[in-house]
Every structure is written in C-alpha cells, then in structure tokens.
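Here is how the chains run, residue by residue.
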Amino acid sequence: SDIEGPFHADCPVRSDFDLYGDPGTSLTLTGQVTDEDCNPLPGAVIEMWHADPTTVAAEDLRPSDTVGYDNTSTEKKYYGQFATDSEGRYSMHTKKPGWYLNGGVFRPSHIHVKVYVGGIEQLTTQLYFEGDPFIPGDPWASDSSAVGRIVRLTADTTGARSGVMNFTV
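Reading the values: the criteria
Residues numbered from 1 in each chain as written. Predicted model: local features only at pLDDT ≥ 70, side-chain atom pairs only at ≥ 80, totals over all residues. Heavy atoms only, no water. Helix = DSSP H or I, 4+ residues; strand = E, 2+ residues; numbered from the N terminus. Buried < 20%, exposed > 50% of the residue type's maximum accessible area, 1.4 Å probe, protein only. Polar contact = N/O pair within 3.5 Å; in protein donor to acceptor, adjacent residues only side chain to side chain. Contact = heavy atoms within 4.5 Å. Salt bridge = Lys/Arg side-chain N within 4 Å of Asp/Glu carboxyl O. Phe/Tyr/Trp six-rings, centres within 6.5 Å; stacked < 30°, edge-to-face > 60°. Core = buried A, V, L, I, M, F, W, Y, C linked by side-chain atoms within 4.5 Å.

Draft legend 1. Summary view of the side chain of T54. Inspection of the secondary structure assignment puts T54 in the loop between β2 (45-50) and β3 (79-83). You can call T54 buried: its relative accessible area is 17%. There is a polar contact of 3.1 Å between the side chain of T54 and the backbone nitrogen of V56. Leaving out residues up to four positions away in the same chain, T54 has contacts with G24, V67, K96, G98 and W99.

Draft legend 2. Main features of the side chain of R149. Here R149 shows up in the loop between β8 (120-129) and β9 (150-151). Note on R149: relative accessible area 8%, which makes it buried. A distance of 3.2 Å separates the side chain of R149 from the backbone oxygen of Q126, its partner in a polar contact.

Draft legend 3. Representation of the pattern of salt bridges in the model. Inspection of every chain in the model, using the stated rule, returns 7 salt bridges. Between K77 and D22 there is a salt bridge whose closest N-O contact spans 3.3 Å. Here K77 is found in the loop between β2 and β3, whereas its partner D22 is found in the segment before β1 (26-34), with 55 residues between them in sequence. For the salt bridge of E130 with R152, the shortest nitrogen-to-oxygen distance reads 3.1 Å. One end of the pair, E130, is in the loop between β8 and β9; the other, R152, is in the loop between β9 and β10 (154-155), with 22 residues separating them in the sequence.

Draft legend 4. Summary view of the packing of aromatic side chains. A full pass over the atoms with the stated rule returns 7 aromatic pairs. Look at W49 and Y79: their rings are 6.5 Å apart centre to centre, the planes differ by 10°, and that puts the pair in the stacked class. Highlighted residues: W49 in strand β2 and Y79 in strand β3, separated in sequence by 30 residues. Ring centres of Y69 and Y100 lie 5.5 Å apart, and the angle between their planes is 75°; this geometry places the pair in the edge-to-face category. Residue Y69 is located in the loop between β2 and β3, and its partner Y100 is located in the loop between β4 (89-95) and β5 (101-102); the two are separated by 31 residues in the primary sequence. According to the relative accessible area criterion, Y69 is buried, its value standing at 12%. Through a chain of ring-to-ring contacts, the aromatic side chains of F82, Y90 and F167 assemble into a single cluster.

Draft legend 5. Geometry of unusual backbone geometry. Phi angles above zero are rare outside glycine, and C38 is one such case at about 70°. Among the structural elements, C38 can be located in the loop between β1 and β2. Positive phi, normally seen in glycine, also occurs at Y78, with a value near 65°. Mapped onto the secondary structure, Y78 falls in the loop between β2 and β3.

Draft legend 6. Broad picture of the nonpolar core. Core analysis: the largest hydrophobic core is formed by 22 residues, its most contacted members being M48 and F167. Where this core is concerned, the elements lending two or more residues are β1, β2, β4, β7 (110-117) and β8. Residues contacting F167, with those up to four places away along its chain left out, are Q32, V33, T34, M48, Y90, V113, V115, L123, T125 and L127.

Draft legend 7. Structural detail: the environment of E130. Classification of E130 as partly exposed rests on a relative accessible area of 46%. Each C-alpha atom of the pair E130 and S109 lies 9.9 Å from the other, and the pair is 21 residues apart in sequence. Once you skip the residues sitting within four places of it in the chain, E130 turns out to touch I150, V151 and R152. Among the polar contacts made by the side chain of E130, one reaches the side chain of R152 at a distance of 3.1 Å.

Okay, here's the thing in structure tokens:
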C-alpha cells in the first residue's frame, strides 16, 4: 500500500488513457489481480490515474517543467477505471507520467492505483518505474516497502514502453 495522494477524482470507465494526442512515451501496463491464495479475481475493478506526460528528460528538468493532474475537467485526462477479465488479467495503455514538484523536489514518475473487489476497496498504492532518478529522494518511493511497486519497463523498437505489475489483495 501507499498514500492515495491529493489528486484522486472520479475515474471514467476506460483502459486506454492515450486519447489526447499529447507528446510523450507510450506506456502499456499489464498484470493480474489475485487473492492471497493466488486465485485470479475476475471482475476486480482497478482505478488508475497519473500526472500529465512530458517530453523533457529527467536530467533536463527545471521547476518550470513541472506537470499537473487533470482532476477537475470533464475529460479527466489520464484517469480511468476498468475491470479484470475472467482470469483476473488487465491491460491499460497511456503515456508515461511526467514529474512534478513536491515542495522544491521532483516526485518520481508514478501511477496511482486503487483495486476494488466486490465493490470494496482492497488496495491503494502507487507504482514507480525502475531507474527513475527521483526515487531515492522521495519519502514514499524510497521506503523499503516500495521495492515491490517499482515496475521494470522494456522498450520496443519504436521506443514504446511496457511493464507488468500484478496485485495481490
């Protein structure tokens, strides 16, 4: 588990968040939701939301490059919820989130997640990305419990990234 963060909002039903033509790195996450006995949980609802994407590299960031969240418009860009299939699997597509300032320090790129089973919230967490230079300075991402929430991304020939994150609830 991890903090919800201040930007939670109602999430539209969709698993493709890359709807706006924004520049940035294509990102697909897949995985499975299971119970503690490794049984798949079909119909589990996953909410995900994240900050806007960016094309600025981490090493080139300046305070003016901070990104925001669209938690007030009717579009709710980069917010969505979707259900797992009959085997508890999911797939979502988006753009890799950018970085934003928390005080005077950038937070690592991350995706917020809530998992519901039978309409009951079972998990609230954040996913981080391996190699993000802001993980060591972030109080949530650098916590020893965050190791299992750091996603390894691989790139295809176009530069699109993909990763796997399974949830046990």
